[in-house]
Amino acid sequence: MRPENYQSFHQPPSHEYELFFGPNHPGIEGNYALRVQLHGDEVLRARADGGYLHRGFEKLMEGRLWIQNIALVPRICVPDPVPMEVCYSLAIEQLGGLEVPERAQWIRVMQLELSRIAAHLFTFGGHAATTGMYTPMFWGIADRDLILDLFEELSGGRVYHIYNIPGGVRRDLPEGYLDRVRKTLEYIESRLPDYDNLMFQNQIFVRRATGTGTMTQQQALEWGVTGPNLRATGLEFDVRRDDPYLVYDQLEFDIPVEEAGDAWARALVRRSELKESLRILRQVVDRLPSIGGPIRAPIPNPLAWNLPAGDVYTRVESSKGELAYYVVSNGGDKPYRVHVRGPSAMHAVQVLENLVTGGRVEDVAQIMFSLDACPPEVDR
Amino acid sequence: MKLTRPTQDQVTTGLEYLLQQISGMKTRWDGPRRLRVDLASESLPALLELLKGRAGYVHLSAISCVDWPDQNEFELVYHLWSYEMNVLIMAHIRIAREPGVYVSVYDLYHPAAFFERDIHEMFGVFFEGSPDMGKFILTEWDGPPPMRKEFDGEAWVMEHFNWQDYQPDWLTDIEAQGGGITTRPEELRHRNKTK
């Protein structure tokens, strides 16, 4: 029997609900979250929610010596750490007026491209996994491991190498290293048909990715999209060619471009870029034996190294897009200010929010992985 | 789309001619593709509009904030890139540290939303007209803006958290044998700082 004051609770007819997507979700890259407002399985609104990986790097760097920060910077992006080291080192070299020896520049390019391949393999796997295919993920991680072996042999670290330092690189290549690089390149190239069979010619993947998360070139430019995601909308731009650093102007490579601007186009651009990286690496491996000389420029005592006052903005092309460091020195032995501009600061926040809106909930994870967003770059 | 690019000389003369339209501005080339511009904070929106409309500066790469407590100023640096000119322009402005308010450039550059929100969170600079000044990274933080120079992270920890004595049996055993590492509060770096 109902109590006297009973009133039936009238729920307005609505099918809207909020879903917390992450921070612990297999479809989220790293610790990152999206708050998604849904109607059925249609996404009405999405808000990115970051900060789970904030470690205050920019503040920490202000309290450490120029050289000490080399150990901090690779931690800003775990899957692709080498561009971080190189970009920071380039900034210090420009501030301090250091000339990097040619051999060190070539070794750096080799490191950067190996890291790009490793990051792209990782992304292939992640992207495929969001469509329900787990085999490319296992393959990608296993093949990436071979590159990590090369890093380990060179620097002692598999993920954080701390190998590029201001003025050059920490140590020279071990004996027979280039042969092992060449062998790994051959192996990865021989694996590409397998990836094509399993993933890039797989109709399940192609149909899921085609038309998902589409943006036009105009939208991409408006939202600050860079890197492979921008090239997937048809704009042929690459920092390596158009704002060259190190010895990229001496290397031959193409800039793969796709027109569609959807998840499929982004996957294809990465696939072609991997091939171009292999091409660059072949040239580097052929050229390196003929380039002798020192591997780093002499630097003053790093524990009492005052860089001249000034500021510099250095950019490199990481596997995710345009990575930049704004470094200010006030003439002291520590940076006065370091600002890290990670490409994912755009991709994982407003681009992701815009692209998932109006789509379906099962595509959210795929869109995030197809943008190759790296949350630690957002939080820093 | 294949871009046809002007030569370096055309870019240099073109940009310098264009920038003459804004008065009271200092320009300096920091390399072939880096142009540094110092200007008054009132002129920045006009400069951005000019660059976006006339020189193809569609990409706002970043907005950086630098705190200069000695001059009582914040320096805001707008890094702009043109896919046609291939020259990076760094526009430097200074704003007063108090009250620390500036206008948003969101209507010209959408990426500004992220950077302005970030600067508001980390430095406490308010951008009028920015779409969202809510918290993003430091969601549960109610202290002062942490990237300001006067904020000392270690001192904050010492003031706001209690030192806890953690002395389990297994650690006592190790210490009895001469092992273990303990850092007492008085041994921490910031206590020994002479201020």
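Because the structure is predicted, anything quoted here is derived from the model rather than measured.

(A) Expanded view of the packing of helix H2 (residues 82–96) of chain A against helix H3 (residues 102–129) of chain A. Residue and element names in this part refer to chain A. It is the contact of H2 with H3, at a shortest axis distance of 9 Å, that shows an interaxial angle of 145°. Of the residues in H3, those touching H2 at Val82, Pro83 and Val86 are Arg108, Gln111, Leu112 and Ser115. A per-class count over the contact of H2 with H3 returns 4 nonpolar, 2 polar and 1 charged.

(B) Main features of unusual backbone geometry. The residue after B:Glu98, namely B:Pro99, is reached through a cis peptide bond having omega 5°. Locating B:Pro99 in the fold gives a position in the loop between strand E5 (88–96) and strand E6 (101–103). A positive phi is found at A:Ile162, a non-glycine position, where the angle reads about 50°. Here A:Ile162 lies in the loop between helix H4 (135–155) and strand E4 (164–165). Take A:Ile162: there are 17 C-beta atoms within 10 Å of it, and that puts it in the partly exposed class. Residues other than glycine seldom take positive phi values, yet B:Asn86 does so here, at roughly 55°. Within the element layout of this structure, B:Asn86 appears in the loop between strand E4 (73–81) and E5. For B:Asn86, a count of 19 C-beta atoms within 10 Å corresponds to the partly exposed category.

(C) Looking closely at the sheet that holds strand E7 (residues 322–329) of chain A. All names here are of chain A. The antiparallel open sheet is built from 3 strands, whose spatial order is E6-E7-E8. Each edge of the open sheet is held by one strand with a lone partner, namely strand E6 (310–317) and strand E8 (337–341). Looking at each pair of strands side by side, their axes are set apart by 10° on average, direction ignored. Relative to E7, E6 is paired through 8 bridges, and the arrangement is antiparallel. Bridge pairing links Glu317 to Glu322 in E7. Where H2 meets the sheet, it contacts E6 and E7, and its direction lies at approximately 150° from that of E6.

(D) Up close: the pairing of E6(A). Most of E6(A) is tucked away: 6 of the 8 residues are buried. The hairpin turn running from E6(A) into E7(A), its antiparallel successor, is 4 residues long, and A:Gly321 in that turn takes a positive phi close to 150°.

(E) Inspection of the nonpolar core at higher detail. A:Cys87, A:Tyr325, A:Leu352, A:Val364, B:Ile89 and B:Ala91 are the most contacted members of the largest nonpolar core, which totals 141 residues. In terms of residues, this core owes the most to one element, H3(A), which gives 15 residues. Beyond its immediate sequence surroundings of up to four residues, B:Ile89 is in contact with B:Leu35, B:Val37, B:Leu51, B:Tyr57 and B:Leu80.

Rules used throughout
- Residues numbered from 1 in each chain as written.
- Chains lettered and ligands numbered in written order.
- Predicted model: local features only at pLDDT ≥ 70, side-chain atom pairs only at ≥ 80, totals over all residues.
- Axes fitted to C-alpha atoms, helices over the stretch in contact; angles between N-to-C directions.
- Helix = DSSP H or I, 4+ residues; strand = E, 2+ residues; numbered from the N terminus.
- Contact = placed C-beta atoms within 7 Å.
- Nonpolar A, V, L, I, M, F, W, Y, C, P; charged D, E, K, R; others polar.
- Buried ≥ 20, exposed ≤ 12 C-beta atoms within 10 Å, placed from the backbone.
- Pairing = 2+ DSSP bridges.
- Core = buried A, V, L, I, M, F, W, Y, C linked by C-beta atoms within 7 Å.

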